[in-house]
Amino acid sequence: MIKACLIFNNHGKPRLTKFFTYFPEEEQQQIIRETFLLLSKREDSVCNFLEGGKLIGGSDFRLVYRHYATLYFVFCVDSSESELGILDLIQVFVETLDRCFENVCELDLIFHMDKVHYILQEIVMGGMVVETNQTEILTHIEAQQRIEKQEAGVFRTKRMGGAPARALSAAKSIAPNVNLPKLSDLQNLSLSTFKKM
């Protein structure tokens, strides 16, 4: 079972942390620090597996990682998982990120955290590997993006017509004796109107 997925940069700053096993916040921070210290001391030519630190569970747990440019992708797994299978899973995860963000970089992980979590959830859920077929993962991500665009269009349509009307009716119910402008007057406002005032 996968216990955690961590992505951090060369300076130890976490860019993604997903724990599939409960750890208190302080312990999670200590695990991230300990994992970074273990991995940052290793040379690139050594094996990509090592025993987990004391906090993660000791010898029963393994850290499987890949170091790409400025990012470490780390999976903490128990002894029931295949280290080579997890290395392949990391490769699938990185390639999927690369296809979604067109040459993924650290800033993509920072500014699109929700999308990165969604991609990870398509691959791993509840500590179990759900999908490793990159085509399937990308199909689900594209479907999610279509739904988001549809909802954004509906929201924009409702926002233009419904939100100002709801705001005015709410304001009228709070202060019924105040003269408020008509909704049609508000829709015709522009920046030049305010400059004249």
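As shown above, the structure is provided for reference.
Summarised in this report is the structure supplied together with it.

What counts as what
Residues numbered from 1 in each chain as written. Predicted model: local features only at pLDDT ≥ 70, side-chain atom pairs only at ≥ 80, totals over all residues. Heavy atoms only, no water. Pairing = 2+ DSSP bridges. Helix = DSSP H or I, 4+ residues; strand = E, 2+ residues; numbered from the N terminus. Axes fitted to C-alpha atoms, helices over the stretch in contact; angles between N-to-C directions. Contact = heavy atoms within 4.5 Å. Core = buried A, V, L, I, M, F, W, Y, C linked by side-chain atoms within 4.5 Å. Buried < 20%, exposed > 50% of the residue type's maximum accessible area, 1.4 Å probe, protein only. Expected span 1.5 Å × (residues − 1). Lys, Arg positive; Asp, Glu negative; His and termini not counted. Salt bridge = Lys/Arg side-chain N within 4 Å of Asp/Glu carboxyl O.

The five strands lie next to each other as β2-β1-β5-β4-β3, forming an open sheet whose pairing is antiparallel. Two strands in the sheet have a free side with no partner beyond their single neighbour: β2 (14–19) and β3 (49–51). In this sheet, neighbouring strand axes are inclined to one another by 20° on average, regardless of whether the strands run parallel or antiparallel. Direction of pairing for strand β4 (residues 61–68) relative to strand β5 (residues 71–78): antiparallel, over a ladder of eight bridges. Bridge assignment links tyrosine 68 to a residue of β5, and that residue is leucine 71. The strands that helix α1 (residues 25–40) touches are β1 (2–9), β2, β3, β4 and β5; relative to β1, the one it contacts most, it runs at about 65°. Against the sheet, helix α2 (residues 83–101) touches β1, β3, β4 and β5, its axis set at about 35° to β4.

In this structure, Phe75 and Phe93 are the most contacted members of the largest nonpolar core, which totals 29 residues. Within the residue set of this core, elements represented by two or more residues are β1, β5, α2, α4 (113–123) and α5 (134–174). Among the elements that take part in this core, α2 stands out by supplying 10 residues, more than any other. Discounting residues that sit within four places of it in the chain, phenylalanine 93 has contacts with Cys5, Ile7, Phe73, Val116, Ile119, Leu120 and Ile123.

Two strands pair when backbone bridges link them, and β1 and β2 are joined in this way by five bridges, in the antiparallel orientation. Residue pairing for β2: phenylalanine 8 is matched across the bridge by proline 14. Taking the residues that link successive antiparallel strands as the turn, the β1-β2 hairpin has four residues, and the phi of glycine 12 there is positive, at about 90°.

Across its 16 residues, α1 extends 22 Å between first and last C-alpha, which sits within 8% of the 22 Å expected from 1.5 Å per residue. Within α1, the full set of buried residues consists of Gln28, Ile31, Ile32, Glu34, Thr35, Phe36 and Leu39. Contacts made by the buried residues of α1 are with β1, β2, β3, β4 and β5.

As a further point, take the side chain of lysine 115. With respect to the helices, strands and loops of the structure, lysine 115 is situated in helix α4. Despite being buried, lysine 115 has no salt bridge partner; glutamate 148 is the closest side chain of opposite charge, sitting 7.1 Å away. Apart from residues lying up to four places away in sequence, lysine 115 is in contact with Cys100, Phe101, Ile141 and Gln145.

With phi around 50°, alanine 69 is a residue other than glycine that occupies positive phi space. Within the element layout of this structure, alanine 69 appears in the loop between β4 and β5. Judged by its relative accessible area of 69%, alanine 69 falls in the exposed class. At asparagine 103, a residue that is not glycine, the phi angle is positive and equals roughly 70°.

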